[in-house]
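# Examination of the molecular architecture
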Amino acid sequence: MPKKIAVIGAGAWGTALAAHAARIDHEVMIWGREPDVVRDINERAENRLFLEGVALPKTLRASTVPAEVLASAEIVILVPPSAFLRNVAALVAEHVSKTARIVIASKGIDERTLGLMTDVTAEAMPDHDAASMCALSGPSFAREVAAGLPTDVVVASKSAEAVLEVASALHTPMFRVYTSRDPIGVEVGGAMKNVLAIAAGACDGLGLGLNARAALITRGLSEMARLGIALGGDPLTFMGLSGVGDLILTSTGALSRNRSLGMKVAEGVSAGKYLAEQRTVAEGYLTARAAWRLAQKLGVDVPITEQVYYVLHEDRPLLEAMKLLLTRAQKDELWGLPGTGDGPR
Ligand SMILES: NC(=O)c1ccc[n+]([C@@H]2O[C@H](COP(=O)([O-])OP(=O)(O)OC[C@H]3O[C@@H](n4cnc5c(N)ncnc54)[C@H](O)[C@@H]3O)[C@@H](O)[C@H]2O)c1
């Protein structure tokens, strides 16, 4: 049954999700910050600033006015870059019906509180039931979703009712929506893969080879799982779409901004300078710092994230970071994972 859906954030991902929902006959309105983007969507059925060249459904409407976008919305999808989620959620909170399902599609870790995106949203929307908030994640380049190519994602929430309602509303053969009751695991995967993709891009940029990249992705998966488990996530979630699935996509796909950032760093370009020239976000840059702090707070070993943090934010030379990773002590492969003990087996 068609629903009224509000998408908050008209970057590439918000636009792609809104286009998908509008194509399957939901009544969709998208909130954009930039008047030019809103005008473009309404008048040309295109978002030239963030998703140039993709034809959007003419039924998709856009506005810069939160009250207009959110009026009687049954599902609200929040999708600004993670650094702006708190402000954006607070901006729209008073216009969202208490019974609306809240879905967060932003990926990151809050720099101030070190909380996940559902935690940030729950704080910014105190009138909404925190336990029924949903996280949407998985291997999904916006451009491919907008083009209607087959994509699988996962929607996770502690509330079975919420997750089923949201997943059923968005699921189609070309946009398969799996369900999960582990929002922590799903969110940690979505945040950490961006950091690990920077490392994978740097690895490729340095020409270290495909063996090295596969090793980096796999060891990255281990540290993603260690951090997620320490926060209470289910170890098996990291085998899923939001874990290994998104990690593979972001670490190997040419459309990945985080991977591109890593490749630029390998060329000797300053990350800060490169990002300042981009209109779009590479979430892994800020997430590296938040994830490193979170891991230190929890006492979790995240060696790749640690090196990404030091290279991006503390000017550690990339070759020194690489050497530090390669000269770590030999250990059991499953070290630090549940049931394996902490030392060599
Ligand atoms: N692009 C993708 O393929 C993709 C896929 C899955 C998830 N995501 C996630 O979706 C989220 C949004 O990414 P995106 O790719 O759509 O963004 P984007 O880089 O395409 O666009 C940037 C967005 O930032 C917004 N913005 C800039 N300054 C702002 C401010 N001060 N306050 C609020 N908003 C501001 C802009 O309005 C725009 O919507 C991120 O967390 C990202 O990790 C992206």
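Please read all numbers here as calculations on a predicted model, not as lab measurements.

### Brief notes about the overall build of the protein
- Counting its regular elements, the protein contains 15 helices and eight strands.
- For the protein, the C-alpha radius of gyration of 20 Å lies close to 20 Å, the compact-globule estimate for 345 residues.
- With the C-alpha coordinates of the protein rotated into their principal frame, the extents come out at 55 × 40 × 35 Å.
- Carbon together with sulfur atoms contributes 54% to the accessible area of the protein, which is approximately 15,000 Å² in total.
- Where the 35 positive side-chain charges of the protein centre and where its 38 negative ones centre are 3 Å apart.

### Description of the packing of aromatic side chains
- Per the counting criterion, the structure on display carries three aromatic pairs.
- For the pair Tyr-309 and Tyr-310, a centre-to-centre distance of 5.0 Å together with 70° between the ring planes defines the contact as edge-to-face.
- For Tyr-309, a relative accessible area of 9% translates into the label buried.
- Among the aromatic residues, those joined into a cluster by ring pairs are Trp-292, Tyr-309 and Tyr-310.

### Things to note about the site of the ligand
- Of all residues adjacent to the ligand, which total 24 residues, the nearest are Ala-12, Trp-13, Glu-34, Ala-142 and Glu-283.
- The backbone of Ala-142 places a nitrogen or oxygen atom 2.8 Å from an oxygen atom of the ligand.
- Residue Glu-283 places a side-chain N or O atom 2.5 Å away from an oxygen atom belonging to the ligand.
- The site holding the ligand turns out to be the largest pocket.

### Remarks on unusual backbone geometry
- Of note, the phi angle at Ser-72 is positive, near 55°, even though the residue is not glycine.
- Although it is not a glycine, Asp-315 sits at a positive phi angle of roughly 60°.
- Summarising the element assignment, Asp-315 is placed in the loop between α14 (303-313) and α15 (318-326).
- Asp-315 gets classed as exposed once you look at its relative accessible area, which sits at 68%.

### Some words on the domain arrangement of the protein
- Domain annotation for the protein reports domain 1 (4-181) and domain 2 (184-326).
- For domain 1 versus domain 2, the separation of C-alpha centres amounts to 24 Å.
- Contacts between the two partners involve 29 residues from domain 1 and, on the opposite side, 29 residues from domain 2.
- Note on domain 1 versus domain 2: buried area summed over both sides is about 2,400 Å², and carbon and sulfur give 71% of it.

### A look at the layout of surface pockets
- Computed from the structure, the largest pocket encloses a volume of approximately 1,400 Å³.
- Forming the walls of the largest pocket are 47 residues, and the residues nearest its centre are Ala-12, Pro-81, Arg-257, Thr-280 and Val-281.
- Among the residues making up the lining of the largest pocket, the classes are represented as 24 nonpolar, 14 polar and nine charged.
- Here the lining of the largest pocket gathers at least three residues from each of two domains, domain 1 (4-181) and domain 2 (184-326).
- In this structure, the second largest pocket is lined by 32 residues; those nearest its centre are Leu-216, Arg-219, Ile-304, Leu-325 and Leu-326.
- Breaking the lining of the second largest pocket down by element, the ones donating at least two residues are α8 (183-205), α9 (210-230), α11 (257-266), α14 and α15.
- Grouping the amino acids of the lining of the second largest pocket by side-chain chemistry returns 22 nonpolar, two polar and eight charged.

### Points about empty space enclosed by the protein
- Summed over the entire model, instances satisfying the criterion amount to one cavity of 30 Å³ or more.
- Lining the largest cavity are Ile-104, Ser-106, Lys-107, Gly-108, Met-117, Ala-135, Leu-136, Ser-137, Val-186, Glu-187, Gly-190 and Ala-191.
- Every element with two or more residues in the lining of the largest cavity is listed here: β6 (134-137) and α8.
- Looking at the lining of the largest cavity, the element that brings in the most residues is α8, giving four residues.
- Of the residues assigned to the lining of the largest cavity, the class counts are six nonpolar, four polar and two charged.
- Taken together, domain 1 (4-181) and domain 2 (184-326) each give at least three residues to the lining of the largest cavity, which thus spans both.

What counts as what
Residues numbered from 1 in each chain as written. Predicted model: local features only at pLDDT ≥ 70, side-chain atom pairs only at ≥ 80, totals over all residues. Heavy atoms only, no water. Helix = DSSP H or I, 4+ residues; strand = E, 2+ residues; numbered from the N terminus. Rg over C-alpha atoms; globule rule 2.2 N^0.38 Å. Areas by Shrake-Rupley, 256 points an atom, 1.4 Å probe, with all protein chains shown as cover. Lys, Arg positive; Asp, Glu negative; His and termini not counted. Charge placed at Lys NZ, Arg CZ, Asp CG, Glu CD. Phe/Tyr/Trp six-rings, centres within 6.5 Å; stacked < 30°, edge-to-face > 60°. Buried < 20%, exposed > 50% of the residue type's maximum accessible area, 1.4 Å probe, protein only. Near = heavy atom within 4 Å. Polar contact = N/O pair within 3.5 Å; in protein donor to acceptor, adjacent residues only side chain to side chain. 1 Å grid on protein atoms, 1.4 Å probe; cavity = no way out; pocket = protein on both sides within 12 Å on 5 of 7 lines; lining within 4 Å. Sits in = over half its atoms within 2 Å of the grid points. Domains from an automatic or database assignment. Contact = heavy atoms within 4.5 Å. Buried area = accessible area lost by both parts, 1.4 Å probe. Points joined across faces, edges and corners; volume = space filled by probe spheres on them. Nonpolar A, V, L, I, M, F, W, Y, C, P; charged D, E, K, R; others polar.

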